Amino acid sequence: MATRLVQINMKAHDDAALGRFWAEALGWGIDSEGPGVTNLEPVGFTYPDPAAVCIDLIARPEPKTVKNRVHLDLATTSTAHQEELVARLKSLGATPVDVGQGDVPWTVMADPEGNEFCVLEPRPVYRDTGPIAAVVVDCTDPREMARFWGEAMDWTLHKVTDDGATMRSAKGVGPYLEFIRTPDTKSVWNRVHLDVRPYPGDDPAAEADRLRSLGATDPGIDQSAIHWAILADPEGNEFCLLTPA
């Protein structure tokens, strides 16, 4: 058994409005499976496919109070493209933010609801990822996160050091998943989290048990009304184990 990263879940005060921003930012299409839910994926995309990690925006009233521990890095192909993308994102409602990054070649921004993301300078490693270069997770121990997620999913581990770890789909397509060492620790539930999905025919309960054996924990959330499982990784980051597909 194994899982794969299929989407990120992002809480929003106005899922439709924030969905329009991210659809314009990425050049993706918009759909909805019900009130308070906005789904984003590339136009013509057949879900699930490792060529893209999709975005689900879910309406929630709680305010954002701290820097998100999960964010997106956007890819660019040239310095001119980076400048053009930053300008376009500003016109859509994004703002530059200072999270202590100092003098760096990438641009740190926030979407209209304050969710941080980065517009990267052109890097050859991200030349074929699509608009999202990487899904980035802050952590205190990249090696342990690489150990857990490397066993939880069938993605390939490309690099692991004390400061960071990088994974990508074994098919060599789509964005990377990166764990970056940061000094701060998790203090509130994550407004942005990972959603992973088992393969067709796998037993969801058995997969949840397998993930627990690797170090996942139950975050103490009432799950009686949902058909998927909510777990937390070894650093307490909530994630959803969706039904097989």
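Residues numbered from 1 in each chain as written. Predicted model: local features only at pLDDT ≥ 70, side-chain atom pairs only at ≥ 80, totals over all residues. Heavy atoms only, no water.

J.: Requested: an account of the packing of aromatic side chains, with residues and values cited.
T.: Counted by the stated rule, this structure contains seven aromatic pairs. Ring plane angle 70° and centroid distance 5.7 Å describe the contact between Tyr126 and Tyr176, whose orientation is recorded as edge-to-face. Pair noted here: Tyr126 is in the loop between β8 (116-119) and β9 (132-139) and Tyr176 is in strand β12 (residues 176-181), with a separation of 50 residues, a long-range link. Per residue, the accessibility class of Tyr126 equals that of Tyr176, and both read buried. Among the aromatic residues, those joined into a cluster by ring pairs are Phe21, Trp22 and Phe117. Its end group placed over the ring of Tyr199, Arg4 keeps NZ or CZ at 4.1 Å from the ring centre. (Phe/Tyr/Trp six-rings, centres within 6.5 Å; stacked < 30°, edge-to-face > 60°. Helix = DSSP H or I, 4+ residues; strand = E, 2+ residues; numbered from the N terminus. Buried < 20%, exposed > 50% of the residue type's maximum accessible area, 1.4 Å probe, protein only. Lys NZ or Arg CZ within 6 Å of the ring centre and 35° of its normal.)

J.: Account for the pattern of salt bridges, with residues named and values stated.
T.: This model, assessed by the stated rule, comprises 13 salt bridges. Glu144 is the partner of Arg147 in a salt bridge, and the nearest nitrogen-oxygen pair spans 2.6 Å. Residue Arg147 and its partner Glu144 are both found in helix α3 (residues 142-152); the two are separated by three residues, about one turn of the helix. One continuous salt-bridge network, built from bridges that share partners, spans Glu144, Arg147 and Glu151. (Salt bridge = Lys/Arg side-chain N within 4 Å of Asp/Glu carboxyl O.)

J.: Tell me what's going on with the sheet that holds strand β3 (residues 37-41), and back it up with residues and numbers.
T.: Taken together, seven strands build an open sheet; the order of strands is β2-β3-β4-β1-β13-β15-β14 and the sheet is mixed. If you trace the sheet from one side to the other, it starts and ends with β2 (29-34) and β14 (229-232), each paired once. Geometrically, the sheet is characterised by an average inter-axis angle of 30° between neighbouring strands, direction not taken into account. Bridge count for strand β1 (residues 3-12) against strand β13 (residues 192-198) is seven bridges, and the pairing is antiparallel. The residue bridging Gln7 from the neighbouring strand is Asp195, located in β13. (Pairing = 2+ DSSP bridges. Axes fitted to C-alpha atoms, helices over the stretch in contact; angles between N-to-C directions.)

J.: Describe the pairing of β14, with residues and values.
T.: Burial along β14 is two-sided: Ala229 and Leu231 facing one way and Ile230 and Ala232 facing the other are all buried. Counted between consecutive antiparallel strands, the loop separating β14 from strand β15 (residues 238-241) contains five residues, among which Gly236 sits at a positive phi close to 85°.

J.: An account of the UniProt feature "domain: VOC" (unreviewed entry) in the chain is needed here, citing residue identities and associated values.
T.: Within the UniProt annotation, "domain: VOC" (unreviewed entry) is assigned to residues 131-244. Helix makes up 19% of residues 131-244 and strand 34%. Its end C-alpha atoms lie 26 Å apart. (UniProt positions renumbered as here; feature names shortened; annotations may be inferred.)

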